Amino acid sequence: MAREKKTAFIWDESYFWHNAGDGALFEPAGGYIQENGSVESPESKRRVKNLLERSGLMNQLVQVKPLPATEEQLQYFHTQRHVEAVKEMSKIGGLDCGDSAIVGRGSYEIAKLATGGAIQAVKTVIESDTVNKAYVLTRPPGHHAEADQGMGFCIFNNVVIAAKYAQKEMGLNKILILDWDAHHGNGTEDAFYEDDSVLFISLHQDGLEPIDRGKIEDTGKGKGQGFTVNVPLPAASGDAVYQYAFEQVVIPAIEKFEPELILVSAGQDGSIFDPLARMMLSADGYKYMAKKVKELADKYAKGRMVCLHEGGYCPTYVPFCTHAIIEELSGVTTDVEDPFIYAMAGTTYHKLLPHQKEQVDAIREYHGL
Ligand SMILES: [Zn+2]
């Protein structure tokens, strides 16, 4: 049997330097209490890298350096106006390039390097003889970014450009983008809504953000009809609900599509401890999803699977969720155990409640799966 191929880990120190603003944009303090900075801070991401080093898993990964995306590559999706606007704002810093997407000083270069990390990951899993999986600690994240503006902490849409790169420069055709961030990947959906070459599946908290997006009935348009699968789950859905959604909807949809490459918008803000969503996933829940996607990548896509970091705002739990995903991708097990699982014991994170089952069943029926 052939030796299992390795997993690349892509990051750059500057990813942690992107300044997403002081939080004043949302006026959380309202003049009553001290500001606490932007919730989109580097903390949860830097600790991912730290935990990989601490556990020894980093030694088993292949570190690949990102190169900046070119302006031409950014324009595979974004308008020249948006790219130029970010470039100009980046000289000053602290300006919003759309809807709640602050460009810090120097963030243009950092965002280009984040998108470039996604591109480098795709190139690596396609070209390398020894690596077929990759995790990119992309920051700023990307899945909300629209063609002509940034949104929700996202400046450039890393996953969209990675998919376009795979098609335009690597000659691939059928690409799956699976988005398990707790928020809907509106920018990604827009990019491929009328396209049958990219299957977009989004699991997210029903009615969270953007509030009117990610509905069951949004299934694509024109020749893209049926190539968008939205899986809005009720708040408080945990491991058992996500597993049921995988069994009933996600896995059958992917098997029908047979992708040549799998990209995952890996947002770990569906965890039980996240401040920006109300889902109940554990690190084990993320591990399960990574395992299933990996099996599908091995079956259909020559093992080629790239995860791009999206949201995730609990600085102490995101590292454990992400570490579990990377253990699964790489097939390497460490002695790291979830130190917070005890705190979830009395919750329903491992239960499939009737209203949750009903919702998933309705989605399956809607798509005829
Ligand atoms: Zn999110």
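All values reported here derive from a predicted model rather than from experimental measurement.

Asks: Teacher, can you tell me more about the packing of helix 3 (residues 80-92) against helix 4 (residues 107-127) here?
Replies: Any two packed helices are characterised by how steeply their axes cross, that is the angle between the axes, and by the distance between the axes. Two numbers describe how helix 3 lies on helix 4: the axes approach to 7 Å, and their chain directions differ by 130°. Taken together, the axis directions place helix 3 and helix 4 in an arrangement best described as oblique. Here helix 3 contributes V86, K87 and S90 to the contact with helix 4, which in turn contributes S107, Y108 and A111. Its residues assigned to classes, the contact of helix 3 with helix 4 comprises three nonpolar, two polar and one charged.

Asks: When you look at the environment of V332 in this model, what are you seeing that I'm missing?
Replies: By secondary structure assignment, the location of V332 is in the loop between helix 9 (318-330) and helix 10 (354-366). On a C-alpha basis, the gap between V332 and M151 in space is 36 Å, while along the polypeptide they are 181 residues apart. Apart from the residues within four sequence positions on either side, V332 is in contact with L57, Q60 and E327.

Asks: Looking at this structure, I do not really get helix 10. What am I missing?
Replies: The periodicity of an α-helix, 3.6 residues per turn, causes residues three or four places apart in sequence to face the same way. Over its 13 residues, helix 10 runs 18 Å from end to end, which matches the ideal 18 Å to within 8%, given 1.5 Å per residue. As for helix 10, its buried residues are in contact with strand 10 (228-233) and helix 7 (239-257). G368 lies just past helix 10 and shows a positive phi near 60°.

Asks: I'm lost on the sheet that holds strand 9 (residues 198-205) in this one. Help?
Replies: For sheets, the rule is that strands pair by backbone hydrogen bonds, running either parallel or antiparallel. Spatially, 2-1-6-12-11-8-9-10 is the arrangement adopted by the eight strands of the open sheet, whose pairing is parallel. The two strands at the open ends of the sheet, each matched to only one other strand, are strand 2 (62-64) and strand 10. Each strand axis lies, on average, 20° off the axis of its neighbour in the sheet, ignoring direction. In the sheet, strand 6 (residues 131-136) pairs with strand 12 (residues 305-309) via four bridges, with the strands oriented parallel. Its bridge partner being in strand 12, Y135 is matched across the sheet by C307. Each of strand 1 (6-10), strand 2, strand 6 and strand 12 is contacted by helix 4, which is oriented at about 165° to strand 6, the strand it contacts most. Sheet contacts for helix 8 (residues 283-300): strand 8 (175-179), strand 11 (261-266) and strand 12; angle to strand 11, the most-contacted strand, approximately 160°.

Asks: How do you make sense of the packing of helix 4 against helix 5 (residues 158-168) when you look at a structure like this?
Replies: Packing of helix 4 against helix 5 leaves a shortest axis separation of 9 Å and a crossing angle of 40°. By the angle between their axes, helix 4 is oblique relative to helix 5. Regarding helix 4 and helix 5, the two cross each other, and that crossing is right-handed. Contacts between helix 4 and helix 5 involve A114, T115, A118, I119 and V122 on the former and, on the latter, N158, V159, I161, A162, Y165 and A166.

Asks: In this structure, what is going on with unusual backbone geometry? I would like to understand it.
Replies: Leaving glycine out, the prevailing phi sign among residues is negative, and the prevailing peptide bond configuration is trans. Of the consecutive residues R139 and P140, the connecting peptide bond is found in the cis state with omega at 5°. Its location among the elements puts P140 in the loop between strand 6 and strand 7 (150-151). A cis amide bond links E209 to the next residue, P210, at an omega of -10°. The topology assignment puts P210 in the loop between strand 9 and strand 10. Although it is not a glycine, F153 sits at a positive phi angle of roughly 75°. Here F153 is to be found in the loop between strand 7 and helix 5.

Conventions used here
- Within every chain, residues take consecutive numbers counted from 1 along the sequence as written.
- In keeping with the predicted nature of the model, local features appear solely for residues at pLDDT of at least 70, side-chain atom pairs appear and are counted solely at 80 or more, and the whole-chain, interface and lining totals rest on all residues.
- Note on definitions: angles span 0 to 180 degrees between N-to-C directions of axes, and those axes are lines fitted to C-alpha atoms, for helices only across the stretch in contact.
- Secondary structure follows DSSP: runs of H or I at least 4 residues long count as helices, runs of E at least 2 residues long count as strands, and numbering of each begins at the N terminus.
- Each angle receives one of four descriptions, namely roughly parallel if under 35 degrees, roughly antiparallel if over 145, roughly perpendicular if within 65 to 115, and oblique otherwise.
- The contact criterion used here is simple: two residues whose C-beta atoms, placed from the backbone, lie within 7 Å are in contact.
- Under the scheme applied here, ten amino acids are nonpolar (Ala, Val, Leu, Ile, Met, Phe, Trp, Tyr, Cys and Pro), four are charged (Asp, Glu, Lys and Arg), and all others, including Gly, are polar.
- Helix span, expected: 1.5 Å multiplied by one less than the number of residues in the helix.
- Any two strands between which DSSP finds at least two bridges are classified as paired.
- Crossings are assigned a handedness: left-handed for a near helix turned anticlockwise from the far helix by less than a right angle, right-handed for a clockwise turn.

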